[in-house]
Every structure is written in C-alpha cells, then in structure tokens.
Amino acid sequence: MRVIWKVAVGLAFVLTARPPDRLTAQDYRARALRILATVPLIDGHNDIPDAIRERGGLDSVDFGVLQPKLMTDIPKLTAGAVGAQYWAAYVPVTTLHGGEHPAVYALEQIDLVRRLCGKYSRTFALALTAADVERNFKAARGNATSLNYERPRATATRDSKISCLIGIEGGHAIENSLGALRMFYELGVRYMTLTHWETIDWADAATDSAKHGGLTPFGEEVVREMNRLGMLVDLSHVSDATMVDAIRVSRAPVFFSHSSARALANHVRNVPDSILKMVRANGGVVMVNFNPGFVSEAVRVYEDSMARRARALRDSGVVADSLKAWGARAPKATLAQVADHIEHIRDVAGVDAVGLGSDFDGITEVPVGLEDVSKFPDLIAELLRRGWSDDDARKVAGLNALRVLRAAERVAAETGKGKN
C-alpha cells in the first residue's frame, strides 16, 4: 500500500510539474521581476528631458500619468521595474553653428532634470554616487516581494524611489573649458559623451569626418580631468580612433551609454569586436542601444537605402510621400535581436561588460517587444529563457553599471579629487 501511495505521489508530481523547456513567457517574466526586486535596473540613456522640452517644458507634461505619445512616464517606469535612470542632458550640435551657447543649453537640460526629480520627489531621488543608487533602491524595495510591477500605477507611491542620474550628451557642451566641465560635475553630471554627431575641436565623432585621428592633446586632458572628478567617460558617438585613445588614457573604466555590437549591425555608432576586447581589459561596460538601425542589420541597410533615395529626389512632397511608403515596408527590429547584442558583447568582452542603454524618447522607432520603458522585464525574461543565470541577469540589469560608477569614484579618490 505504501509503495502504491509513493507511486501515485510521484505520478502526480510528474503530471503537475512544468519542465524547464515548457515554461511560459509569463513564467520567465515573473522570474525577471523577482530578480529586479533585488537589483536596481539601470538604464544608461533616456532622452526624456529633450522630449519634455520640445513639448513646452515641465509644466506642459504630467509625468505622473500615462503619456501615450512618450516612451517614458512614471507609470511605465514603475511597470518596467526601473531602479535608476541616466537622464540625458542632450545638447544638439546645431548649437555650435546657430549663435547659441552649448553650455547654456546643457545647463537648461540639467535644470529640467533636477526640477523633474524634485517635482515628482515621491517617485524620484537624485543620485550622485553608486551608494546613492543603492540607498534609494533599498528604500524603495524595503518590502520588495510585495511590489506589483505588472500593472502600471497612475500615481507614485511614497516608497517608490527611482534614482535620477545625469549625463551630458555632447562634449561640445563644455565649450573647450575644463572649468565648465568641473562645474557640470558639481551640478550632478556623472557622465559626458565626448562627442555627438559632429567632430569637435578635440575629438572625432563616429558619424563625421575625422580631423584629429582620435583625441587631441586637449581631448586627452579632458579624459584625465573626468577621471579626476569621477565622471564617466562615455564613448557612444565617438570614432573608433577616439575610443582607442580614450581607453588608452583613462585610468577608470569607460562607459558606452547607448551603443550596440557592430558585428551584428554594421553601424559606425556600434562597437567593433576589437574595441570590445579592449573594454574587457579596461573593465568598462557597453550599455546596449535599442535603436532599430543599431540593432538590426536589415533595418540599417533599409534606412541607408531610404536616405540615398531621399537624396536622389528633389521635390519635398515627393520625398515625403516616397519615404512614407518606404517606411511602411521597412523591416522591424525585435527584442530577440537586442538580446543577441547583449549575448555577443558577453561572448567577446565578458558578462561584466554589458548593460542596458535604451535611448528611449531619443529614437523614433523601437524594436518589436521593446516599445517603452515598461518592457525592460521582458528583455531580462528573454535572457533567462536563453539559459542565463539569475546572477548574470543581475549584472546586465544594473550591477555592471554600478560597478563602473563605483570604480570611477575610486579612481577620483586615488587621484585627489578637488585638488588643483
């Protein structure tokens, strides 16, 4: 009788247990959410400050409710289990040519970020250090297992604290002044992208003609001063030669706030394997970009063909109609392809060298499955479905980004931050 009972129990277990290869998408997402209750998910690049600016400023956008035309708002951030966000203080290269002051534009963007975090202080908290991020996350996740990330909340709750970090996008913002760089640090800037789309006086950009062969002597001085301050050296947007020079000069790990793998999508904004190997030795991190043209080679090729067609057409109406029709037939990037980039960077540079840098609200198209910030858990779930361990998923979600920020702080302490 006891034998029969044991057989029956065993049979019931076999019939009710779900084998690993039959886990559902919901199972993996639930596991991802459990992981994100233990580590702050850190996104390296979000352009919501400029998106808000374009819509009339902070008073024109209620960030506490769902914004259908934006990829980012508080309900979506909450649903996406975001623990810390680098908000990009984006400075257009047009400020170099139109009589504007790039530094003033940067100051206005920093001001907007700080006011955004202050206005929604029940949700956000400014973070200046890795310890701040951890402290804000622990305050928010004191009872992490009870939090429900599945359903966006219309308003913030008292225990919800997402760290606000600031990064300047475009080294032209300092207007060739180390003094300006130091003051930006004092205002809370913790990374600076050395260039944007155009080559500047001291660094070559990826998407412009090379004038310096990488960094000039002043550009090297900028990198050293960023090291001394504890500001991350962001190499997204720079040329390969600038990447090599910056890695050679920097004592701290470098940071790619929003770039992907060139081996999978042959865009100059992406990082080639030769540089990924240098990043591994440097201890840096590449935060994978979600821009479809950086994710899918088919999308990149299609976009290039659209650009060539636009240049071939002269009548603006014809161009608009043609591009609209071409756009409707365009291939789509996917969440799975973003996961491919994460895995490629892991395979070449190591699991400690990869993170997430969405570029949300700075891109006009998104991968299928990664439509907005609420979808981050789905990307972590895809990695888990592919056999990633919980510990490695935590590294990609946020621990790698935290490690690099902490390393930059350590280098600053060793080089005597604050001493002239």
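I will try to describe carefully the structure that is included in this document.

How each quantity is defined
- Residues numbered from 1 in each chain as written.
- Predicted model: local features only at pLDDT ≥ 70, side-chain atom pairs only at ≥ 80, totals over all residues.
- Heavy atoms only, no water.
- Helix = DSSP H or I, 4+ residues; strand = E, 2+ residues; numbered from the N terminus.
- Buried < 20%, exposed > 50% of the residue type's maximum accessible area, 1.4 Å probe, protein only.
- Contact = heavy atoms within 4.5 Å.
- Areas by Shrake-Rupley, 256 points an atom, 1.4 Å probe, with all protein chains shown as cover.
- Disulfide = S-S within 2.5 Å.
- Phe/Tyr/Trp six-rings, centres within 6.5 Å; stacked < 30°, edge-to-face > 60°.
- Lys NZ or Arg CZ within 6 Å of the ring centre and 35° of its normal.
- Expected span 1.5 Å × (residues − 1).
- Axes fitted to C-alpha atoms, helices over the stretch in contact; angles between N-to-C directions.
- Parallel < 35°, antiparallel > 145°, perpendicular 65-115°, else oblique.
- Nonpolar A, V, L, I, M, F, W, Y, C, P; charged D, E, K, R; others polar.
- Polar contact = N/O pair within 3.5 Å; in protein donor to acceptor, adjacent residues only side chain to side chain.
- Pairing = 2+ DSSP bridges.

The next point concerns the overall build of the protein chain. Regarding its fold elements, the protein chain presents 16 helices and nine strands. For the protein chain, the proportion of its 420 residues judged to be buried stands at 56%. Residue pairs in contact within the protein chain that sit at least 24 positions apart in sequence constitute 74% of those at least 6 positions apart. Within the structure as shown, the protein chain displays about 18,100 Å² of accessible surface, and the carbon and sulfur contribution to it stands at 54%.

Under the definition given, this model contains one disulfide. Each sulfur of the disulfide joining Cys117 and Cys164 lies 2.1 Å from the other. Across the disulfide from Cys117 to Cys164, rotation about the S-S bond amounts to roughly -115°, and the bridge is consequently left-handed. With Cys117 in helix α5 (residues 102–119) and Cys164 in strand β4 (residues 162–169), this pair connects stretches of sequence that are 47 residues apart. What makes Cys164 buried here is its relative accessible area of 0%.

Take the packing of aromatic side chains next. Under the counting rule described, the total for this entry stands at 11 aromatic pairs. Their ring planes at 55° and their centres at 6.2 Å tell us that Phe63 and Tyr120 sit as a pair that is tilted. Of the two residues, Phe63 sits in the loop between α3 (48–54) and α4 (74–79) while Tyr120 sits in the loop between α5 and β3 (124–126), which places them 57 residues apart along the sequence. An identical accessibility class is assigned to Phe63 and Tyr120; each is buried. The cationic tip of Arg53 hangs over the ring face of Tyr105; the distance from NZ or CZ to the ring centre is 3.8 Å. The ring centre of Tyr185 lies 3.7 Å from the NZ or CZ of Arg190, which sits over that ring.

What sets the pattern is the α-helix's 3.6 residues per turn: residues three or four places apart point alike. With 15 residues, helix α14 (residues 335–349) ought to run about 21 Å at 1.5 Å a step, and its terminal C-alpha atoms sit 21 Å apart, in line with that. Turning to α14, its buried residues are Leu335, Val338, Ala339, His341, Ile342, Glu343, His344, Ile345, Val348 and Ala349. The inward-facing, buried residues of α14 contact α10 (273–282), β8 (285–288), α11 (292–295), β9 (354–356), α15 (376–385) and α16 (390–414). Gly350 lies just past α14 and shows a positive phi near 100°.

Packed helix pairs are specified by the crossing angle of their axes together with the interaxial distance, meaning the distance between the axes. Between helix α8 (residues 217–229) and α16, the least distance of the axes is 6 Å, while the angle of their chain directions is 95°. Between α8 and α16, the interaxial angle falls into the category roughly perpendicular. Two secondary-structure elements touch here, α8 through Asn227, Arg228 and Leu229 and α16 through Ala408, Val411 and Ala412. Across the contact of α8 with α16, the residue classes break down as four nonpolar, one polar and one charged.

On to helix α12 (residues 297–312). Taking 1.5 Å per residue as the helical rise, α12 with its 16 residues ought to reach 22 Å, and the 23 Å between its terminal C-alpha atoms agrees with that figure. Among the residues making up α12, those that are buried are Val299, Arg300, Tyr302, Ser305 and Met306. Backbone nitrogen of Ala298 and a side-chain oxygen of the N-cap are separated by 3.3 Å at the start of α12; the cap is Ser296.

Across the eight residues that make up β4, a large majority, eight, are buried. What you see with β4 is no split at all: Ile162, Cys164, Ile166 and Ile168 on one side and Ser163, Leu165, Gly167 and Glu169 on the other are buried throughout. Both strand β2 (residues 82–90) and β4 contribute to a ladder of seven bridges, which runs parallel. Within β4, the residue paired with Ala84 across the bridge is Ser163. Relative to β4, β3 runs parallel, the two sharing three bridges. Its bridge partner lying in β4, Phe124 is registered against Ile162. As defined by bridge partners, β4 adjoins strand β5 (residues 189–193) across four bridges and the pair is classed as parallel.

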